[in-house]
Every structure is written in C-alpha cells, then in structure tokens.
2 protein chains.
Amino acid sequence: MVPSTTEYESLLRDAELRVTRPRLAVLGAVYENPHADTNSIIEAVRQDLPEVSHQAVYDVLRAFTSAGLIRHIQPPGSVARYESRVGDNHHHIVCRSCGAIADVDCAVGHAPCLTASEDHGYVIDEAEVVYRGLCPDCAAKPNPDQSPRKESRV
Amino acid sequence: MVPSTTEYESLLRDAELRVTRPRLAVLGAVYENPHADTNSIIEAVRQDLPEVSHQAVYDVLRAFTSAGLIRHIQPPGSVARYESRVGDNHHHIVCRSCGAIADVDCAVGHAPCLTASEDHGYVIDEAEVVYRGLCPDCAAKPNPDQSPRKESRV
DNA sequence: TTCTTTACTTGACTGGTTCAAGAAAAGCGC
DNA sequence: GCGCTTTTCTTGAACCAGTCAAGTAAAGAA
C-alpha cells in the first residue's frame, strides 16, 4: 500500500518533478497520513527533516496537487487536507462530532449524481459528494461534546 | 418570492429570535442576494443601516443559521456563503472559471446518493453534492482568464 | 565541475473570522 | 408607559491558515 522511498522517487520523476529530500518526505507523509491537514503533514515531515520550513511544505503540496500526484480536499468547516488516492472518483464521509474522514466509493454506477435535474445551462463535468454523519466511535458514545476535534482520527 | 418586512418580522418571531433593525436587514440581504458571502451581506445591510458593525452581521448570520432560518454553505476555495433556501435538500453547482453558484435540485429521487456502497460503520444522515463545471457565460467565452472572481454573479 | 534553473528558507503580511468587554436596545412584568 | 433583565450590538484587538517576496541552496544538464 505505502510505497518505498525508491518508489516515491519514481513517482516524482514520472511526474517530471525534481527529487529532493523535502519532497520525498512530504509525499511519504501524505501516503502515510490519509486526509491529513497541512499542519499534520508539516509535523510528520519534521520527524525526518526537522528544519523544513512550512512554506516549503505549502509549495510542495501545491506542486504535487497540480501535477496530479495527490489530491487536495477541503471539507466544510475544516482546513485543507490532502490524500494520495487520486484518479478514482471517490468521495468522503465526515463525522459531525469528531471530524474524522473516511473514503467512500461511488454509490451508484461509475459517476453517480452527475446528471442534475436542472443544470441552468451549466456544463457540468464533475460531482463531488460529501456525506455527513457519525463515525463508529462517536455513534457509540451517545452524547459527548459536539465540538469537532482538530485532528482527524482516520 | 422575497418576503416583505412584516414577513421577515414574523419569520424572526416564529424562530423565537428578537426583532432588531440589523436582523431584519441581514435577513433581507440573504433573501435578496442568494449565495452571497459575508462581505456582500455586510455591504447590502449597510445600504440601509450604514453603522452596522461587521461583528453584528457575523453574530446574526450565526444565530439565523443555528435557528434554521438560513443555510450556511462553504464551497471549496470560497469563503462562507449564505442562502435563504432551507429544508429542501438541494445542491449547488460552482463555476470553475468565475465562481458563480446556482441551485440544483436532487438528481435522482428524493435523497440521491445517500446510500454509499461501503459506509465504514458510519451512520450517514446527509449527503451534499457539489457539481463543478462552467456557467453559461464562461462556457460561451472559450478561454478567458481562469482565475475565479471574488464576487458571485448569480 | 560549472552553470542554469528550480526549490527552499526566512520573515513579513493578508484577510476572513473570532474573542472580549462594555454600551445599547428588546421585550417582559407591573 | 416605566423600570428591569437579558440579549444584542459596538469597538477594538487578536488569531491563524495561507500567501508574498527576496535571497540562498540544491538539483540536474552539459
């Protein structure tokens, strides 16, 4: 599931991106921490490379996103998050209580809900679905504090 | 479509909210400017009441949202927006080019896509769909600048 | 190894949103 | 209407994710 350093290097070269220590570390952090926010990624990267600046991580994440290596998601009420699963049109479910995020595959057929009943003349090319509800942990405890935690616990 | 001042007052009283001039103005602004962001609402309110503080508008919008009078939406890459259409499970289409937002009714049946193929043990109670594409205007001009404008042009 | 290009560091800054304390107004009972 | 209590609004500061800008360092090509 999680590639090796050599594989990360190939991923970068295939995307015509330069191979640097910060980039390998960021790519590894995104693969090992699904749906992590930028701050978590910075912390993970600094386990290996303590001197990496936050700006470098922001730059690298943006470069990876526009190269299609990773995906940038932004659940309502949350800061930006990143994931390594790309190109398969999956969606997300967000826990109302703790903010945990899980992947959800398409419900109906290959591209569900892509046909809106009334498109107002828009040319629609993509539909993203965000499910909301309670994760197994929060559903178990009846009424804990309702405030979402900052950390995802996927 | 757009209620009168008296009707706004009834809406507030029915929701057990105090009736004040700022609140009437904010409610009117949300009804008259669908999908407006907070700043646009502040500007609209100040047409009537030039002295209203931004903080009051933030407070009022939050009070209305938790009372269910209006709905708070947060399209990826955009600031918070508000709309008066509540309780009918509709979705939104966002123009990639200019950021315009339009309402879209449910595509399939009453609550489409609510059945995920694999729910990871989550208790799902809502699905929100964000369609992406080009609005009629932007689809007409082949290649304008791709940067979204700040203002919605709905 | 040298050179050019791209990436990274440093430090300041922006803008939407929130916090906190006090003044003003709404709505209740009289 | 009149005062009293509670909620709302004003004022002003603060927060924080993310961005900008200038200069240094490193990658990769020749």
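Summary of the structure given here. (Residues numbered from 1 in each chain as written. Chains lettered and ligands numbered in written order. Predicted model: local features only at pLDDT ≥ 70, side-chain atom pairs only at ≥ 80, totals over all residues. Heavy atoms only, no water.)

The subject of this paragraph is the overall build of chain A. Per the secondary structure count, chain A includes five helices and six strands. Shown N-terminal to C-terminal, the secondary structure of chain A runs as helices and strands in the order α-α-β-α-α-β-β-β-β-β-α. By the burial criterion, 42% of the 154 residues in chain A qualify as buried. Of the roughly 8,400 Å² of accessible surface on chain A, 49% is carried by carbon and sulfur atoms. (Helix = DSSP H or I, 4+ residues; strand = E, 2+ residues; numbered from the N terminus. Buried < 20%, exposed > 50% of the residue type's maximum accessible area, 1.4 Å probe, protein only. Areas by Shrake-Rupley, 256 points an atom, 1.4 Å probe, with all protein chains shown as cover.)

Moving on, we get to the side chain of B:Arg132. Looking at where B:Arg132 falls in the secondary structure, it is placed in strand β6 (residues 123–134). Lacking a salt bridge, the buried B:Arg132 has A:Glu126 as its closest oppositely charged neighbour, with an N-O distance of 5.0 Å. Beyond its immediate stretch of four places on either side in the chain, B:Arg132 contacts A:Val123, A:Ile124, A:Asp125, A:Glu126, B:Pro76, B:Val94 and B:Arg96. (Lys, Arg positive; Asp, Glu negative; His and termini not counted. Salt bridge = Lys/Arg side-chain N within 4 Å of Asp/Glu carboxyl O. Contact = heavy atoms within 4.5 Å.)

With that settled, the discussion passes to the protein's contact with DNA strand C. If you check the shell around DNA strand C, you find 20 residues, and the closest are A:Thr20, A:Arg23, A:Ser53, A:Ala56 and B:Val19. The sugar and phosphate moieties of DNA strand C supply 65% of its atoms located within 4 Å of the protein. Contact between DNA strand C and B:Arg18: a base nitrogen at 3.1 Å from a side-chain N or O atom of the residue. A distance of 3.0 Å is found between a base nitrogen of DNA strand C and a side-chain nitrogen or oxygen belonging to B:Gln55. (Near = heavy atom within 4 Å. Polar contact = N/O pair within 3.5 Å; in protein donor to acceptor, adjacent residues only side chain to side chain.)

This brings us to the protein's contact with DNA strand D. Near DNA strand D you find 21 residues, and of these A:Val19, A:Gln55, B:Thr20, B:Arg23 and B:Ser53 are the closest. Sugar and phosphate atoms represent 66% of those atoms of DNA strand D found within 4 Å of the protein. At 3.3 Å from a phosphate oxygen of DNA strand D is found a side-chain nitrogen or oxygen belonging to A:Thr38. Among the secondary structure elements, those contributing two or more residues to the surface near DNA strand D are α4 (54–67) of chain A together with α2 (21–32) and α4 (54–67) of chain B. Broken down by element, the surface near DNA strand D gets its largest block of residues, four residues, from α4(A). Residues that form the surface near DNA strand D fall into these classes: eight nonpolar, seven polar and six charged. (Nonpolar A, V, L, I, M, F, W, Y, C, P; charged D, E, K, R; others polar.)

The next point concerns the state of the cysteines. All names here are of chain A. Under the definition given, this model contains zero disulfides over all chains. Distance from the sulfur of Cys-98, which forms no disulfide, to the nearest cysteine sulfur (Cys-135) is 3.7 Å. Taking the relative accessible area as the measure of exposure, Cys-98 reaches 1% and is therefore buried. A disulfide-free cysteine, Cys-138 has its sulfur positioned 3.6 Å from the sulfur of Cys-135, the nearest such atom. A relative accessible area of 3% places Cys-138 in the buried class. (Disulfide = S-S within 2.5 Å.)

As paired strands, strand β4 (residues 91–95) of chain A and strand β6 (residues 123–134) of chain A are joined by four bridges and run parallel to one another. Across the sheet, A:Cys95 pairs through a bridge with A:Gly133, a residue of β6(A). Sheet topology places β6(A) next to β6(B); eleven bridges connect them, and they run antiparallel. Each bridged residue has a counterpart across the sheet, and for A:Glu126 the counterpart in β6(B) is B:Arg132. (Pairing = 2+ DSSP bridges.)

A large share of strand β4 (residues 91–95) of chain B lies buried, amounting to five of its five residues. Of the two faces of β4(B), both are covered, the one formed by B:His91, B:Ile93 and B:Cys95 as well as the one formed by B:His92 and B:Val94.

With that settled, the discussion passes to the packing of aromatic side chains. Residue and element names in this part refer to chain A. Considering all chains together, one arrives at two aromatic pairs over all chains under this definition. With a centroid separation of 5.4 Å and an interplanar angle of 55°, the aromatic rings of Tyr-8 and Tyr-31 are classed as tilted. Of this pair, Tyr-8 sits in helix α1 (residues 5–14) while Tyr-31 sits in helix α2 (residues 21–32), and the two are 23 residues apart along the sequence. (Phe/Tyr/Trp six-rings, centres within 6.5 Å; stacked < 30°, edge-to-face > 60°.)

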